[in-house]
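# Examination of the molecular architecture
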Amino acid sequence: MNTRGKHLVAGVASLAVMALALAGCGSTSASSSSGSKDEKVEITYLHRLPDKEGMTKVDEIVKKWNTANPNIQVKATKYAGEASNMMKKLEADVKAGTAPDLAQLGYAEVPEAFTKGVLEDVTAEADQYKKDFSAGAYSLMQLNGKTFGLPQDGGPLVYYYNEAAFKELGIDVPKTQDELLASAQKAAAAGKYIMSFQADEAGNMLTGLAGASSPWYTVKSDKWNVNTNTDGSKAVADVFQKMIDAKTAFVNPRWEPSFDAALKDGKLIGTVGAAWEAPLIMDSAGGGESTWKVAQLGDWFGNKGKTGPDGGSGVVALKGTKHKAEAMKFLDWFNTQVEDLTTQGLIVSATTATAKTPDAWSKFYGGQDVMKELVVANNNMGDFNFIPGYSAVGAAMKETAAKAADGSGKVADIFSVAQTTSVDTLKNLKLSVAE
């Protein structure tokens, strides 16, 4: 379990178990049918949710809708293959005219689906539901000024810290870049770290931090515009370089045992992490009662109170969908079933309700309403989109970040390699890139 993917699965499982204690806080009644009395509409939905024991199964959620909406009937099917192969299936199904109406995709997969021409434009149908979701998550379902579905869950970056350890050092959660650097220096002098530089998470965390203030990728006039050397990227590079040089940042990889050990023995008392890491941080630090807390990111990288994405998914409409209005009506209802979807391990992007914090979380995070804090982060995400083939960019960033961590390279190099790899990836895919 030393890879990001395996830990994410573990986090989802842990979240699902702890979320059993959730009380009803989402909408529990399905909206009425928008179809006419004489027409019965059928919608098909292909999902990748865990559907494990102890969770509210997708079929159970959909049954509520079908019971209340006899004229808009939905059939949900779980995709049984590897997530990496789903795009090929959707592409083939669209070509054959057998594609489902709706399908769950990771945010980083949406641009590839757009490029392959398998998405249906539902801008007009989705717009009325925009208010039900965080602006940052909603933007991840948009490309070239058009909307292709609705967001389901997100992984906004937040700050995890040990409040008691901070008080012992006489420091507070930094609000500014200068405070961050000064507090990190004070903590390091005591043999502790309030920030980590995670080379193996570079393609996710650093992208999210840098992209919180300004996006890297935009589409204009059917051409991709790439700029990974934004002011936000430069600020991230500058801050982490100073901390690495001063030896005030913990530089062990996120998914190696040494990272968990540092959390448990009190060496690492503060770190940036995705919202879905809340149960992982808890487990790594030993669980039980503690004084750990969750806070929003400070204005450390010119992000002005905004955060960025690390993970998450949405549900897209596929080319050929005949009942776009009905599909979006169902999807808005489904993606706002906060209580049920939380049991599936999701940090739901809906702003219509907030899931209750599981009791185990509350004990570990000093009585804090953690879920409420994570929703605040979800609502504070800046606009960001990915490009087709982003996995190649993330791999190049990870390799370059490892050199920055051991001192053989610079943090700024990570964003330079992201630029060249992004452009090369798009061109290799025969896509137009604005020069």
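Residues numbered from 1 in each chain as written. Predicted model: local features only at pLDDT ≥ 70, side-chain atom pairs only at ≥ 80, totals over all residues. Heavy atoms only, no water.

Going by the annotation in an unreviewed UniProt entry, the name recorded for the protein chain is ABC transporter substrate-binding protein, with Alloscardovia macacae given as the source organism.

A tally of regular secondary structure across the protein chain gives 18 helices and 11 strands. In terms of overall size, the protein chain behaves like a compact globule, its C-alpha atoms giving a radius of gyration of 22 Å where 435 residues would be expected to give roughly 22 Å. With respect to the principal axes defined by its C-alpha atoms, the protein chain has extents near 75 × 50 × 35 Å. Burial status across the protein chain gives 56% buried among its 435 residues. Partitioning the intrachain contacts of the protein chain with sequence separation of at least 6 by distance along the chain shows that 80% fall at a separation of at least 24. With the model as given, the accessible surface of the protein chain reaches about 17500 Å², and the carbon-plus-sulfur share is 49%. Taking the average location of the 45 positive side-chain charges in the protein chain and that of its 51 negative ones, the two points are 2 Å from each other. (Helix = DSSP H or I, 4+ residues; strand = E, 2+ residues; numbered from the N terminus. Rg over C-alpha atoms; globule rule 2.2 N^0.38 Å. Buried < 20%, exposed > 50% of the residue type's maximum accessible area, 1.4 Å probe, protein only. Contact = heavy atoms within 4.5 Å. Areas by Shrake-Rupley, 256 points an atom, 1.4 Å probe, with all protein chains shown as cover. Lys, Arg positive; Asp, Glu negative; His and termini not counted. Charge placed at Lys NZ, Arg CZ, Asp CG, Glu CD.)

For the protein chain, the assigned domains read domain 1 (41-155 + 312-355) and domain 2 (158-310 + 368-429). Here domain 1 and domain 2 have C-alpha centroids that lie 28 Å from each other. Opposite the 24 residues of domain 1 that make contact, domain 2 presents 25 residues. Approximately 1900 Å² of surface area, both sides summed, lies buried where domain 1 meets domain 2, with 62% of it carried by carbon and sulfur atoms. At the surface where domain 1 touches domain 2, the tally comes to six residue pairs in polar contact (both at pLDDT 80 or more). Of all the elements in the fold, those that place two or more residues in the side of domain 1 that touches domain 2 are helix H4 (110-115), helix H6 (135-139), strand E4 (142-143) and strand E6 (149-162). With four residues, the top contributor of residues to the side of domain 1 that touches domain 2 is H6. Of the residues contributing to the side of domain 1 that touches domain 2, the split by class is 10 nonpolar, 13 polar and one charged. (Domains from an automatic or database assignment. Buried area = accessible area lost by both parts, 1.4 Å probe. Polar contact = N/O pair within 3.5 Å; in protein donor to acceptor, adjacent residues only side chain to side chain. Nonpolar A, V, L, I, M, F, W, Y, C, P; charged D, E, K, R; others polar.)

With five of five residues buried, strand E3 (residues 102-106) is to be regarded as a mostly interior element. Burial along E3 is two-sided: Leu102, Gln104 and Gly106 and Ala103 and Leu105, pointing in opposite directions, are all buried. Examined bridge by bridge, strand E1 (residues 41-47) and E3 share two bridges and lie parallel to one another. Bridging across to E3, Leu46 finds its partner in Ala103. As paired strands, E3 and strand E11 (residues 309-317) are joined by five bridges and run antiparallel to one another. Looking across to E11, one finds that Leu102 is bridged to Ala317. (Pairing = 2+ DSSP bridges.)

Here we take up the nonpolar core. Ranked by internal contacts, the top residues of the largest apolar core, which has 77 residues, are Phe197, Leu206 and Leu209. Ranked by the residues each element gives to this core, the list is headed by helix H10 (residues 231-245), at seven residues. Formed jointly, this core draws a minimum of three residues from each of two domains, domain 1 (41-155 + 312-355) and domain 2 (158-310 + 368-429). Setting aside residues up to four positions removed in sequence, Phe197 forms contacts with Leu206, Phe240, Ile244, Phe250, Val251, Asn252, Ala401, Ala404, Ala405, Val411 and Ile414. Listed in part, the 56 residues of the second largest apolar core include Val74, Leu102, Trp333 and Ala355. (Core = buried A, V, L, I, M, F, W, Y, C linked by side-chain atoms within 4.5 Å.)

So, on to the pairing of E1. Extensive coverage of E1 is indicated by the burial of five of its seven residues. As judged from the seven bridges shared by E1 and strand E2 (residues 72-78), these two strands associate in the parallel manner. What sits directly across from Leu46, in E2, is Thr77. After leaving E1, the chain enters helix H2 (residues 58-68) and then returns to the sheet as E2, a path that is right-handed. (Right-handed = clockwise from strand over helix to strand, strands pointing away.)

Scanning the entire structure with this criterion turns up 12 salt bridges. Of the charged contacts in the structure, one is a salt bridge between Asp93 and Lys89, with a shortest N-O distance of 3.0 Å. Within this pair, Asp93 and its partner Lys89 are both found in helix H3 (residues 86-96), separated by four residues, close to a single helical turn. Two residues, Lys293 and Glu163, come together in a salt bridge whose shortest N-O distance is 3.1 Å. Separated by 130 residues along the polypeptide, Lys293 in strand E10 (residues 292-295) and Glu163 in helix H7 (residues 163-169) bring together distant segments of the chain. Under the relative-accessibility criterion, Glu163 is labelled partly exposed at 24%. One salt-bridge network, in which partners are shared between bridges, spans Glu91, Glu112 and Lys116. (Salt bridge = Lys/Arg side-chain N within 4 Å of Asp/Glu carboxyl O.)

Examined against the element boundaries, Ala261 turns out to sit in helix H11 (residues 257-264). For the pair Ala261 and Ala285, spaced 24 residues apart in sequence, the C-alpha to C-alpha distance is 7.7 Å.

Okay, the packing of aromatic side chains next. The geometry of an aromatic ring pair is captured by two quantities: the separation of the ring centres and the angle between the planes. On inspection of all chains with the given rule, the structure shows 27 aromatic pairs. Taking the centre distance of 4.8 Å and the plane angle of 85° together, the rings of Phe364 and Tyr365 count as edge-to-face. Joined through ring pairs, the aromatic side chains of Tyr159, Tyr161, Phe166, Phe197, Phe240, Trp300 and Phe301 make up one cluster. One Lys or Arg, Arg254, reaches over the ring of Trp255 and ends 4.2 Å from the middle of that ring. (Phe/Tyr/Trp six-rings, centres within 6.5 Å; stacked < 30°, edge-to-face > 60°. Lys NZ or Arg CZ within 6 Å of the ring centre and 35° of its normal.)

On average, the protein chain scores 90 in pLDDT, and the residues at 70 or more come to 91%. Between residues 5-36, whose pLDDT stays under 50, and residues either more than four places distant or in other chains, the model counts 77 contacts. (pLDDT = per-residue confidence, 0-100.)

In this model, helix H17 (residues 390-406) (17 residues) spans 25 Å end to end at C-alpha, consistent with the 24 Å of a helix rising 1.5 Å per residue. By the burial criterion, the buried members of H17 are Tyr390, Val393, Gly394, Ala396, Met397, Thr400, Ala401, Ala404 and Ala405. Those residues of H17 that are buried are in contact with helix H9 (202-211), strand E7 (217-220), H10 and helix H18 (412-428). Of the residues flanking the end of H17, it is Gly407, one or two places downstream, whose phi is positive at about 90°. (Expected span 1.5 Å × (residues − 1).)

With that out of the way, let us pick up the environment of Pro358. With respect to the helices and strands, the residue Pro358 is situated in the loop between helix H14 (338-343) and helix H15 (359-364). When the C-alpha atoms of Pro358 and Met371 are compared, they prove to be 8.5 Å apart, with 13 residues separating the residues in sequence.

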